[in-house]
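What follows is each chain in one-letter form.
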Amino acid sequence: MGSYAVTSGIVESAVKVVIYGPEGIGKSTFASKFPVPVFIDAEGGTKRLDVMRLPQPTSWAMLMDEVDSVRQRKTLCGTLVIDTADWAERLCIQSVCDKAKVHGIEDFGYGKGYTYAKEEFGRLLDLLQDVVNMEINVVVLAHAQITKFEQPDEMGQYDRWTMKTSKQVAPLLREWCDMLLFANYKTIVVKDGDGKAAKGKAQGGRRVMYTTHHPCWDAKNRFGLPDEMPFEYDGISQCITAGIAVPAYSAQTPKTAPTTITVPCQPVIQEKEEKTPDATAASEELNEELKDLKYPDDLRQLMVASNVSDEQLRTAVFQRGCYPFDMAVSNYDDEFTKRMVAVWGKWLEFIKENDKIPF
């Protein structure tokens, strides 16, 4: 057996944060205060925010590919934000259904479909952990909903706030994160009037966040935060890694001696990385070509991101005996292209092995 060194003390690292709350409370705005955030906006809710973002994923394979680009530092950031978990889970479920050639998650039989989706969503969390290991903070946002809950050792049910994901995915997120924050409006009900005619009226509405467990919501933190705090980033800023070295060059620029910038915890403004003119023009040209050929949007976006041409894709499809080489992709069966998107990573690997693509 090998020998292992024993260490002690606090280990400084990037932070995994899950924030959930009702729609419109400001979750995305809150996440935008993290150090150099880049959003993967699955629901399209950041259009009115001046933030850096990757293209809105139209498939589970595209979302996983975008996260992997951050892991490989092809996309430079200090914080990766998934906005939101419940919309990402929709893509996950669609991918699981496409792989199994079923129309809906219930078609698998009682509970089986959600188990498969849970396993697939777990792969996303594993990939996000790899991102954290690269000293990049990860923030996952989620909507909230009110559900009925019954304690095993008590009689009766009561309402509590939960994440608006499936019952299988919510526990994964709660266990995975270092900090689970529940954001809500603090409302106080007061009596207006006397006797039986008195009516309850709501007052307040101040935005707050809860950091510890309560019978009416889930929350946790590993930093000794107060139970209740104003819903402001300054309240947790001291918990976020103090400095993150972010390369000041992208994969598209010439690989000269790299320089780094130290990103403080306070919000900073960083210029967006630009592709070289040649790379940008080539991507735009490929995108327009695939549009003219009437490619499905989700497949087209994956091909542009992977620099795969129409000819290369049709060659791979022909080599695997699926369709004739001369058949236009727009004439492929819809279910076939959906399955192709769902397992794009495997198709890309096959294309790379059987064709000379300048990756």
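The following paragraphs examine the structure supplied in this document.

**Concerning helix H10 (residues 344–354)**
Taken as a whole, H10 has its buried residues at Trp344, Trp347, Leu348, Phe350 and Ile351. Seen end-on, H10 carries its buried residues on one side only, within an arc spanning 160°. Residues of H10 that are exposed and angled more than 90 degrees away from the buried face: Lys346 and Glu353. Along its buried surface, H10 packs onto helix H2 (60–71), helix H7 (297–306), helix H8 (310–319) and helix H9 (334–342).

**Observations regarding a negative patch on the surface**
A cluster of acidic residues, Glu284, Glu285, Glu288, Glu289 and Asp292, forms a negative patch at the surface. Mapped onto the elements, glutamate 288 comes out in helix H6 (residues 277–292).

**Brief notes about the pairing of strand S5 (residues 137–149)**
Within a regular beta strand, the side chains point alternately toward one face of the sheet and then the other, so they alternate between its two faces. Here 6 bridges tie strand S1 (residues 16–21) to S5, and the two strands are oriented parallel to one another. What sits directly across from valine 18, in S5, is valine 140. Relative to S5, strand S4 (residues 79–83) is paired through 5 bridges, and the arrangement is parallel. Paired with isoleucine 82 across the strands is valine 140, a residue of S5. Direction of pairing for S5 relative to strand S6 (residues 158–163): antiparallel, over a ladder of 6 bridges. If you follow lysine 148 over to S6, its bridge partner there is aspartate 159.

**A short note on the side chain of threonine 211**
Residue placement: threonine 211 occurs in the loop between strand S8 (199–210) and strand S9 (220–221). Classification of threonine 211 by relative accessible area gives buried; the value is 0%. In this view, threonine 211 contacts Leu180, Leu181, Ala219, Lys220, Asn221, Leu225, Pro226, Asp227 and Met229; residues no more than four positions away in its chain are not counted.

**Looking at the packing of aromatic side chains**
In this description, a pair of aromatic rings is defined by centroid distance and the angle of the planes. The full count for this structure, using the stated rule, is 16 aromatic pairs. On the basis of an interplanar angle of 25° and a centroid distance of 6.0 Å, the ring pair of phenylalanine 182 and tyrosine 210 is categorised as stacked. Of the two residues, phenylalanine 182 sits in strand S7 (residues 179–192) while tyrosine 210 sits in strand S8, which places them 28 residues apart along the sequence. By the ring-pair criterion, three or more aromatic residues cluster together here, those being Tyr20, Trp161, Phe182, Tyr210 and Trp217. Above the ring of phenylalanine 149, the side-chain terminus of arginine 160 is found at 5.1 Å from the ring centroid. A cation over an aromatic ring shows up here: arginine 320 above the ring of tryptophan 347, its NZ or CZ 4.6 Å from the ring centre.

**A word on the pairing of S1**
Summarising burial for S1: 6 of the 6 residues are buried, a large majority. Side chains Lys16, Val18 and Tyr20 project from S1 onto one buried face, and the interleaved Val17, Ile19 and Gly21 project onto a second face that is buried too.

**Things to note about the side chain of glutamate 89**
Assignment of secondary structure puts glutamate 89 in helix H3 (residues 85–100). Among buried Asp, Glu, Lys and Arg side chains, glutamate 89 stands out as unpaired, with arginine 90 the closest opposite charge at 8.1 Å. With sequence-adjacent residues up to four places away left out, glutamate 89 is seen in contact with Phe121, Thr165, Ser166 and Val169.

**Considering the nonpolar core**
Core analysis: the largest hydrophobic core is formed by 52 residues, its most contacted members being Val67, Phe121, Leu128, Val140 and Leu173. It is helix H4 (residues 112–133) that provides the largest number of residues to this core, a total of 8 residues. In this structure leucine 173 touches Val18, Ala85, Phe121, Leu125, Val140, Met163 and Thr165, once residues within four positions along its chain are discounted.

**Description of the pattern of salt bridges**
For the structure on display, the rule yields 11 salt bridges. Residue arginine 71 pairs with aspartate 68 through a salt bridge whose shortest N-O separation is 2.6 Å. Highlighted residues: arginine 71 and aspartate 68, both in helix H2, separated by 3 residues, approximately one helical turn. Taking the relative accessible area as the measure of exposure, arginine 71 reaches 29% and is therefore partly exposed. With a relative accessible area of 17%, aspartate 68 lands in the buried category. Here the salt bridges share partners, and the residues they tie into one network are Lys99, Glu120 and Arg123.

**Overview of the packing of H3 against H9**
Two elements in contact, H3 and H9, have axes separated by 9 Å at closest approach and are oriented at 120°. As far as their axial angle goes, H9 and H3 are oblique. Relative to H9, H3 is oriented so that their crossing is left-handed. Where H3 abuts H9, its residues Ser95, Asp98 and Lys99 lie against Lys338, Arg339 and Ala342. Looking at side-chain class alone, the contact of H3 with H9 contains 1 nonpolar, 1 polar and 4 charged residues.

Rules used throughout
Residues numbered from 1 in each chain as written. Predicted model: local features only at pLDDT ≥ 70, side-chain atom pairs only at ≥ 80, totals over all residues. Heavy atoms only, no water. Buried < 20%, exposed > 50% of the residue type's maximum accessible area, 1.4 Å probe, protein only. Helix = DSSP H or I, 4+ residues; strand = E, 2+ residues; numbered from the N terminus. Arc of directions from axis to C-beta. Contact = heavy atoms within 4.5 Å. Patch = residues over 30% accessible without salt bridge, like charges linked within 9 Å, V, L, I, M, F, W, Y side chains within 5 Å. Areas by Shrake-Rupley, 256 points an atom, 1.4 Å probe, with all protein chains shown as cover. Salt bridge = Lys/Arg side-chain N within 4 Å of Asp/Glu carboxyl O. Lys, Arg positive; Asp, Glu negative; His and termini not counted. Charge placed at Lys NZ, Arg CZ, Asp CG, Glu CD. Pairing = 2+ DSSP bridges. Phe/Tyr/Trp six-rings, centres within 6.5 Å; stacked < 30°, edge-to-face > 60°. Lys NZ or Arg CZ within 6 Å of the ring centre and 35° of its normal. Core = buried A, V, L, I, M, F, W, Y, C linked by side-chain atoms within 4.5 Å. Axes fitted to C-alpha atoms, helices over the stretch in contact; angles between N-to-C directions. Parallel < 35°, antiparallel > 145°, perpendicular 65-115°, else oblique. Left-handed = near helix turned anticlockwise from the far one by under 90°. Nonpolar A, V, L, I, M, F, W, Y, C, P; charged D, E, K, R; others polar.

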